[in-house]
Amino acid sequence: MGRVGQILVIQGAGAGVHDEWDNRLVDSVRRELGDGYEVRYPRMPAEDDPSYATWSAAIRRELGALADGAVVVGHSVGGTILVQTLAEQPPQRVLGAIVLIAAPFVGTGGWAGDEFELPPDLGARLPRGVPVHVFHGLRDDTVPPSHADRYAAVIPQARLHRLPGRDHQLNDDLREVAAVIRRGPATAADRVPPRSPLV
């Protein structure tokens, strides 16, 4: 039997999100992936009033417990804080992929941020050679789909997955996310050569 793949899922923000909303996303990815994967789903501190300082510290602790090849997934605000955390301080382990789901873009062209703004060279600051996938439902009325385009602009190596008919929770269906995880980082389609950062 092969090695168990690790998936770390970072929840979105809001009262009850961990147990009443994003748990459905975790259930979906577990069903789709089946045996052979360990899905970690930690509860973030003060989910109804997230701060970058507390969430990024919690995320760094979780990253420290992962093995090489783990895939990190962030939903909504959890994705935004995850990607900023990775850009500020790359993990000690080699990641298999970074997956953002319906993540608001904080910065120019997106939402204003009190604690941070995503840098225009975000892609260059992320761990080198790690595939980045940005998923966004085209019927998301919480975070406009245009935020996915902002991520594509500052992470040139990102693969964009625009999903018609899907809402902010991707209709609680992560089959496309699971397919990307199962495929792994070794496919030619994910080997996008790094480009120079935007000026």
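Our subject is the structure that appears above.
Residues numbered from 1 in each chain as written. Predicted model: local features only at pLDDT ≥ 70, side-chain atom pairs only at ≥ 80, totals over all residues. Heavy atoms only, no water.

**Considering the side chain of His147**
Item 1. One can find His147 in helix α6 (residues 146-154).
Item 2. For His147, a relative accessible area of 3% translates into the label buried.
Item 3. At 2.8 Å, the side chain of His147 forms a polar contact with the backbone nitrogen of Phe105.
Item 4. Discounting residues that sit within four places of it in the chain, His147 has contacts with Ala103, Pro104, Phe105, Gly110, Trp111 and His136. (Helix = DSSP H or I, 4+ residues; strand = E, 2+ residues; numbered from the N terminus. Buried < 20%, exposed > 50% of the residue type's maximum accessible area, 1.4 Å probe, protein only. Polar contact = N/O pair within 3.5 Å; in protein donor to acceptor, adjacent residues only side chain to side chain. Contact = heavy atoms within 4.5 Å.)

**A look at empty space enclosed by the protein**
Item 1. This structure, assessed with the given rule, holds one cavity of 30 Å³ or more.
Item 2. As a volume, the largest cavity reaches approximately 50 Å³.
Item 3. Lining the largest cavity are Ile7, Val9, Leu25, Val29, Val73, His75, Ile101, Leu174, Val177 and Ile181.
Item 4. Within the residue set of the lining of the largest cavity, elements represented by two or more residues are β1 (5-10), α2 (22-33), β3 (71-75) and α7 (175-183).
Item 5. The class makeup of the residues in the lining of the largest cavity is nine nonpolar, one polar and no charged. (1 Å grid on protein atoms, 1.4 Å probe; cavity = no way out; pocket = protein on both sides within 12 Å on 5 of 7 lines; lining within 4 Å. Points joined across faces, edges and corners; volume = space filled by probe spheres on them. Nonpolar A, V, L, I, M, F, W, Y, C, P; charged D, E, K, R; others polar.)

**Some thoughts on the side chain of His168**
Item 1. Along the chain, the position of His168 falls in the loop between β6 (158-163) and α7.
Item 2. Side chain to side chain, His168 and Asp140 meet in a polar contact 2.8 Å long.
Item 3. The residues contacting His168, other than those within four sequence positions of it, are His75, Ser76, Ala102, Asp140, Thr142 and Val143.

**A few points about the packing of aromatic side chains**
For any pair of aromatic rings, geometry is given as the distance between the ring centres together with the angle between the planes.
Item 1. Within the structure shown, the criterion is met by two aromatic pairs.
Item 2. Aromatic side chains Tyr52 and Phe116 sit 4.8 Å apart centroid to centroid with 50° between the ring planes, which places their arrangement in the tilted category. Within this pair, whereas Tyr52 is found in helix α3 (residues 52-64), its partner Phe116 is found in the loop between β4 (97-101) and α5 (122-125), the two being separated by 64 residues in sequence. Comparing Tyr52 with Phe116, the two get one shared label, buried.
Item 3. With a centroid separation of 5.2 Å and an interplanar angle of 80°, the aromatic rings of Phe105 and Tyr151 are classed as edge-to-face. In this pair, Phe105 is assigned in the loop between β4 and α5 and Tyr151 in helix α6, connecting sequence segments 46 residues apart.
Item 4. Here Tyr151 falls in the buried class, since its relative accessible area comes to 0%.
Item 5. Against the face of Trp21 rests Arg24, its NZ or CZ located 5.1 Å from the ring centre.
Item 6. A cation sits over an aromatic face here: Arg150 above Phe105, 5.2 Å from the ring centre. (Phe/Tyr/Trp six-rings, centres within 6.5 Å; stacked < 30°, edge-to-face > 60°. Lys NZ or Arg CZ within 6 Å of the ring centre and 35° of its normal.)

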